[in-house]
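Notes for the structure review
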Amino acid sequence: KETEVASQLGRLLKEQKIRAKKVIVGLSGLHCLTRPVILPQLPKAMLAEAVTREAKRLLPVPPEQLYISWQALPAPKGKMHIFLVAIPRRSVDALLKMLNQVKLTPYIMGIKPLSLTRLVKEATAIIVDVQPTEFDIVIMVDGIPQPIRTVPFPNEKLSWEKKLSIIVSDLDKTINFYNSKSSDAPLNSSVPIYVSGEIADRPKLCQSLSDKLGNPVLHLVSALQSNRPFDSSRYLVNIGLALQEPSLGKVAGPTVAKANLLPDNYRPKPISWVKVVALPTAIAIVGLVIPLAMLISDT
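Residues numbered from 1 in each chain as written. Predicted model: local features only at pLDDT ≥ 70, side-chain atom pairs only at ≥ 80, totals over all residues. Heavy atoms only, no water.

Looking at the sheet that holds strand β10 (residues 217-219)
So the rule is basically this: The rule for pairing is simple: two strands pair if DSSP sees at least two bridges between them. The helix and strand labels rest on DSSP assignments: H or I over at least four residues marks a helix, E over at least two residues marks a strand, and numbering proceeds from the N terminus. Orientation is described by axes fitted as lines to C-alpha atoms, over the contacting stretch for helices, and by angles from 0 to 180 degrees between their N-to-C directions. Residues count as neighbours in contact if any of their non-hydrogen atoms are within 4.5 Å of one another.
Strands sit in the order β8-β7-β6-β9-β10 across an open sheet of five strands; the sheet is mixed. Only two strands of the sheet have a single partner each, and these edge strands are β8 (144-152) and β10. Between one strand and the next, the sheet's axes are offset by a mean angle of 20°, whatever the strand orientation. Note that strand β6 (residues 125-130) and strand β9 (residues 193-197) share five bridges and pair parallel. Bridge pairing in β9 places I126 opposite I193. Of the strands in this sheet, β6, β7 (134-141), β8 and β9 touch helix α5 (residues 160-181), which is tilted by about 30° from β7.

Written as structure tokens, this is what we have:
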């Protein structure tokens, strides 16, 4: 419903007198895929092709249906660590088409689970964000997001008791899956679980989550300071997206997931200084050549 959403968004911007046109935009983590990848040391010219080939091998969806982004991470000599993110083209195209109707220009894009990792100060932690229709699980180890899962609830009207049972079950499976792949450094009960969203407003549920899993449960909080009273708990994803702005990067947590996921074909085209300089240069040359030609003709 792009036209309907664009109309509502345009009305909001007008009512709030927001005149800015450049925006940072975020997507749900639903149907998005992330993978840490290890490659042998490669020349820079071969890296993009190697990452594309590895993405085709690892991802369960054809690459033609995805926008794929990646960033290189520090790695031991002889190896390359790559953090790969794939987002569905259909979702991105619909969102950006809607923003175009409101004449907004996105220049940075992120996904919700990775945005939340910027609010965590520890390099190793677990994040659980619960919304009415879905919940996110992120395991971050040494600053690298590992398994990331966005799980829809089977029914939005489920009781909180049933929702908690689903969350605990999926979280336990995700931790066990990670530990089975990383038996040399498994997650233990001292690793904190940071919660946000609707579950953060329910202390008894948070305590129950801690009791069932044995890990301390803490509230995810904003990394930005406000000069006036402001309940930031409802806007943590927005704040995490804002921390992708380079000027705010110094207050973000130690996560390495900092890549701009906006596809290349949607990014503002860089200014071509060749074209900028070409016209004045041509005018200057013509201005010199014509008088010189006339002088020669007169002579």
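On we go.
Comments concerning the nonpolar core
Put simply, the rule reads: For our purposes a nonpolar core is just a set of buried Ala, Val, Leu, Ile, Met, Phe, Trp, Tyr and Cys residues, chained together by side-chain atoms within 4.5 Å. Note on exposure labels: buried denotes an accessible area under 20% of the residue type's maximum, exposed denotes more than 50%, and partly exposed covers the range between, all computed with a 1.4 Å probe on protein chains only.
Of all hydrophobic cores here, the largest spans 39 residues; its most connected members are I87, M109, I111, L119 and L220. The element contributing the most residues to this core is helix α3 (residues 89-101), with five residues. In this view, M109 contacts V25, L27, I87, V92, L96, Q244, A259, N260, L261, L262 and P263; residues no more than four positions away in its chain are not counted.

Regarding the pattern of salt bridges
A side chain of one charge can pair with a side chain of the opposite charge when the charged atoms of the two come close. Going by this rule: The salt bridge criterion pairs a side-chain nitrogen of Lys or Arg with a carboxyl oxygen of Asp or Glu, the two atoms within 4 Å.
Enumeration according to the criterion identifies eight salt bridges in this entry. With a closest N to O distance of 2.5 Å, R57 and E54 form a salt bridge. Remark: E54 and R57 occur in helix α2 (residues 44-58); sequence separation between them is three residues, near one turn of the helix. Here D201 ties to R234 by a salt bridge, and the two come within 2.8 Å at their closest N and O atoms. Here D201 is found in the loop between β9 and α6 (203-213), whereas its partner R234 is found in the loop between β10 and α7 (236-242), with 33 residues between them in sequence. Residue R234 is classed as exposed on the basis of its relative accessible area, which comes to 51%. Beyond isolated ion pairs, a larger network of salt bridges with shared partners links K112, D129 and D136.

Side note on the side chain of N179
Here N179 shows up in helix α5. You can call N179 buried: its relative accessible area is 17%. If near-sequence neighbours (up to four positions away) are discounted, N179 is found in contact with P186 and L187.

Some points on the confidence of the model for the protein
Operational definition: Known as pLDDT, the predictor's per-residue confidence is scaled from 0 to 100.
Taken residue by residue, the protein gives an average pLDDT of 89. The fraction at 70 or more is 97%. The secondary-structure element of the protein with the lowest mean pLDDT is helix α8 (residues 273-298), recorded at 72, while β6 shows the highest, at 96.

Examining the sheet that holds strand β2 (residues 33-40)
On the basis of which strands lie adjacent, the open sheet formed by three strands has the order β2-β4-β3 and antiparallel pairing. Only two strands of the sheet have a single partner each, and these edge strands are β2 and β3 (66-73). The average undirected angle you get between the axes of adjacent strands in this sheet is 25°. The strands that α2 touches are β2, β3 and β4 (79-88); relative to β2, the one it contacts most, it runs at about 125°. With respect to the sheet, α3 is in contact with β3 and β4, its orientation differing from that of β4 by roughly 60°.

A word on α2
Where we set the bar: One fewer than the residue count of a helix, multiplied by 1.5 Å, yields its expected span. The directions from the helix axis to the C-beta atoms form the arc being described.
With 15 residues, α2 should cover 21 Å at 1.5 Å per step; its first-to-last C-alpha distance of 21 Å lies within 8% of that length. Those residues of α2 lying buried are L47, A50, V51, E54 and A55. Projected onto a plane normal to the axis of α2, the buried residues spread over an arc of 140° and lie on a single side. Turned more than 90 degrees away from the buried face of α2, the exposed residues are A45, E49, R53 and K56. Looking at the buried positions of α2, the neighbouring elements they touch are β2, β3 and β4.

As for unusual backbone geometry
Positive phi is not limited to glycine here, since H31 has a value of about 70°. As for its placement among the helices and strands, H31 is situated in the loop between β1 (22-27) and β2. In this structure, D142 takes a positive phi of about 55° despite not being glycine. Turning to its location among the elements, D142 is positioned in the loop between β7 and β8.

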